[in-house]
Amino acid sequence: MSVNLGSTFRFNSTLLDFALSADLHPLNKDIDFGRKVHLGAEVGVPLLRGMIGFSGGYMSYGVGVKVWPFQIMAGFYSVEIGGKFQGFASDRIVAEIKLFDFAIDL
């Protein structure tokens, strides 16, 4: 069981998209407050998207390309594997490929 608190602001237009997000989790665990703080920003133009964030004491960043029917994203981040805030980091990579990702607004 985890208690979380978060919020996101998103702006979308034809030429520019951006999003700002912040959340605290897990609020009900006895860990350093710095490990509970997660912040992020995303900026995109029609074909390219950039992402940057701060998660649990470490920076994260990534890029994405959207050319229909593909959407490809790759990111780099670190997670705490020690017991203390910024004690021992493990670097990770995440990649995602979406095929035929679309939405229908009614």
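As the structure is a prediction and not an experimental result, all values here were calculated from the model.

Digging into a nonpolar patch on the surface
Now for step 1: Among the surface-exposed residues, Trp-68, Phe-70, Ile-72, Ile-97, Leu-99, Phe-100, Phe-102, Ile-104 and Leu-106 lie close enough to one another that they form a single nonpolar patch of about 1,200 Å² accessible area.
Now for step 2: Elements that contribute at least two residues to the nonpolar patch include exactly strand 6 (70-80) and strand 7 (89-99).
Now for step 3: Within the element layout of this structure, Leu-99 appears in strand 7.

Some thoughts on the environment of Pro-46
Now for step 1: Position of Pro-46 among the secondary structure elements: in the loop between strand 3 (37-44) and strand 4 (48-55).
Now for step 2: As for Pro-46 and Lys-66, which are separated by 20 residues in sequence, their C-alpha atoms are 7.6 Å apart.
Now for step 3: What Pro-46 contacts, discounting residues up to four positions off in sequence, is Thr-14, Leu-15 and Lys-66.

Observations regarding the environment of Ser-55
Now for step 1: Turning to its location among the elements, Ser-55 is positioned in strand 4.
Now for step 2: Exposure remark for Ser-55: the relative accessible area of 30% places this residue in the partly exposed category.
Now for step 3: In this structure the C-alpha to C-alpha distance between Ser-55 and Arg-35, which are 20 residues apart in sequence, comes to 7.3 Å.
Now for step 4: Those residues within four positions of Ser-55 in sequence are excluded, and the remaining contacts are Val-37, His-38 and Ser-78.
Now for step 5: Within polar-contact distance, the side chain of Ser-55 engages the side chain of His-38 at 2.8 Å.

As for the pairing of strand 6
Now for step 1: Sheet topology places strand 5 (residues 58-67) next to strand 6; seven bridges connect them, and they run antiparallel. Within strand 6, the position partnered with Gly-62 by the bridge is Gly-75.
Now for step 2: The hairpin formed by strand 5 and strand 6 contains two residues between the paired strands.
Now for step 3: When strand 6 meets strand 7, the two strands line up antiparallel, connected through 11 bridges. Across the sheet, the residue bridging to Tyr-77 is Arg-92, located in strand 7.

Each value, and the rule that gives it
Residues numbered from 1 in each chain as written. Predicted model: local features only at pLDDT ≥ 70, side-chain atom pairs only at ≥ 80, totals over all residues. Heavy atoms only, no water. Patch = residues over 30% accessible without salt bridge, like charges linked within 9 Å, V, L, I, M, F, W, Y side chains within 5 Å. Areas by Shrake-Rupley, 256 points an atom, 1.4 Å probe, with all protein chains shown as cover. Salt bridge = Lys/Arg side-chain N within 4 Å of Asp/Glu carboxyl O. Helix = DSSP H or I, 4+ residues; strand = E, 2+ residues; numbered from the N terminus. Contact = heavy atoms within 4.5 Å. Buried < 20%, exposed > 50% of the residue type's maximum accessible area, 1.4 Å probe, protein only. Polar contact = N/O pair within 3.5 Å; in protein donor to acceptor, adjacent residues only side chain to side chain. Pairing = 2+ DSSP bridges.

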